[in-house]
Amino acid sequence: MISPDAELLLEITDLHAQVENQPILKGVNLRIRAGEIHAIMGRNGSGKSTLSKILAGHPAYTVTDGSIIYRGNDLTQLSPEERARAGIFLGFQYPIEIPGVSNLEFLRVATNARRLGKGEEELDTFDFEDLVQEKIKIVQMDPTFLERSVNEGFSGGEKKRNEILQMALLEPVLSILDETDSGLDIDALRIVAKGVNQLATADSAIVLITHYQRLLEIITPDYVHVMAGGRILRTGGNLLALELEKIGYDWVDKELAALETFQT
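An unreviewed UniProt entry lists the chain under the name FeS assembly ATPase SufC, with Paulinella chromatophora as the source organism.

Sorry, what's going on with the overall build of the chain here?
From N to C terminus, the chain includes nine helices and 12 strands. Each of the three principal axes of the chain carries a C-alpha extent, and together these read 60 × 40 × 40 Å. For the chain, the proportion of its 264 residues judged to be buried stands at 46%. One way to put it: in the chain the 26 positive side-chain charges average out to a point 4 Å from where the 40 negative ones average out.

Is there a simple way to explain the packing of helix H4 (residues 125–135) against helix H5 (residues 156–170) in this structure?
If you want to describe how two helices pack, look at the angle between their axes and the distance between the axes. One way to put it is that H4 packs onto H5 with a least axis distance of 10 Å and a crossing angle of 125°. Overall, the two elements H4 and H5 adopt an arrangement that is oblique. As H4 runs across H5, the sense of the crossing is right-handed. Along its contact with H4, which presents Phe-128, Leu-131, Val-132 and Lys-135, the element H5 presents Leu-165, Ala-168 and Leu-169.

Would you mind going over the nonpolar core with me for this structure?
Grouped burial of nonpolar side chains is what soluble globular proteins tend to show. Counting 46 residues, the largest nonpolar core has Ile-164, Leu-165, Leu-177, Leu-208 and Val-252 as its most contacted members. Leu-165 has contacts with Leu-107, Val-132, Lys-135, Ile-136, Val-139, Met-141 and Leu-146, leaving out every residue within four places of it along the chain. Formed by 27 residues, the second largest nonpolar core is a distinct cluster that contains Leu-9, Ile-32, Ile-88 and Ile-209.

Help me out: how do you make sense of the layout of surface pockets in this one?
By rolling a water-sized probe across the atoms, one finds the places where empty space is left. Here the largest pocket defines a volume of roughly 720 Å³. Surrounding the largest pocket, 27 residues form its lining, Ala-84, Phe-92, Phe-106, Gln-166 and Leu-170 being those nearest its centre. If you list the elements that add at least two residues to the lining of the largest pocket, you get helix H2 (80–85), strand S6 (88–91), helix H3 (103–117) and H5. No other element matches the seven residues that H3 contributes to the lining of the largest pocket. If you trace the second largest pocket, you find 16 residues lining it, with Glu-171, Pro-172, Thr-201, Asp-203 and Ser-204 closest to the centre. Residue composition of the lining of the second largest pocket, by class: eight nonpolar, three polar and five charged.

Reading the values: rules and limits
Residues numbered from 1 in each chain as written. Predicted model: local features only at pLDDT ≥ 70, side-chain atom pairs only at ≥ 80, totals over all residues. Heavy atoms only, no water. Helix = DSSP H or I, 4+ residues; strand = E, 2+ residues; numbered from the N terminus. Buried < 20%, exposed > 50% of the residue type's maximum accessible area, 1.4 Å probe, protein only. Lys, Arg positive; Asp, Glu negative; His and termini not counted. Charge placed at Lys NZ, Arg CZ, Asp CG, Glu CD. Axes fitted to C-alpha atoms, helices over the stretch in contact; angles between N-to-C directions. Parallel < 35°, antiparallel > 145°, perpendicular 65-115°, else oblique. Left-handed = near helix turned anticlockwise from the far one by under 90°. Contact = heavy atoms within 4.5 Å. Core = buried A, V, L, I, M, F, W, Y, C linked by side-chain atoms within 4.5 Å. 1 Å grid on protein atoms, 1.4 Å probe; cavity = no way out; pocket = protein on both sides within 12 Å on 5 of 7 lines; lining within 4 Å. Points joined across faces, edges and corners; volume = space filled by probe spheres on them. Nonpolar A, V, L, I, M, F, W, Y, C, P; charged D, E, K, R; others polar.

Okay, structure coming up:
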């Protein structure tokens, strides 16, 4: 049970946002405290990934109304780099390949930037290599992948493990994992999910964006939110995810129609 006195890390109030002048989010409300794991589920196009990109500061997405307060500060006033240094981490649904950039060097530079954001000293090459060898065990990743370019030639599962390795090194305050289970076979799913469980702490929070109950069989969320039409329509516990697995999202259209009728 999460203490009601736990730090309020993120408070989203009546958030509206658009991309290319197309409204996507239409009034999102969400509160996340330290120690909590939140799962956001819903159909494609419901606004889940848009919310994740807005929190990370993607420049293509524009907040048109509402507020996002992160640890007492207006998140919208921070650049993506400042958000990352402040402890916000986004695990991508489709991690990109960066040819020519050493995975080890990328991880070292990112880790040291985050450490400076926490007021800690940078790690030298030798200390960092000791740290990464320790953290890589969490995702059962072959150390030779550190010597390759970022994600280049990695399988889908290897890319996702690399994302969780980043999370382990950066020690974020708020981790947003956008469909981390997408494209994973059963073994890779278990490794990634168990890694996320290991990295959950009482001082941080995790947001899981997913379509499927299978991820939530390993990572037990404190809250499950159903998103549709750019809004969070329903919030419950893990039983809500089980219900969705059985009945699907047919009920969403009726609730959205009722909501729009009420608002007009």
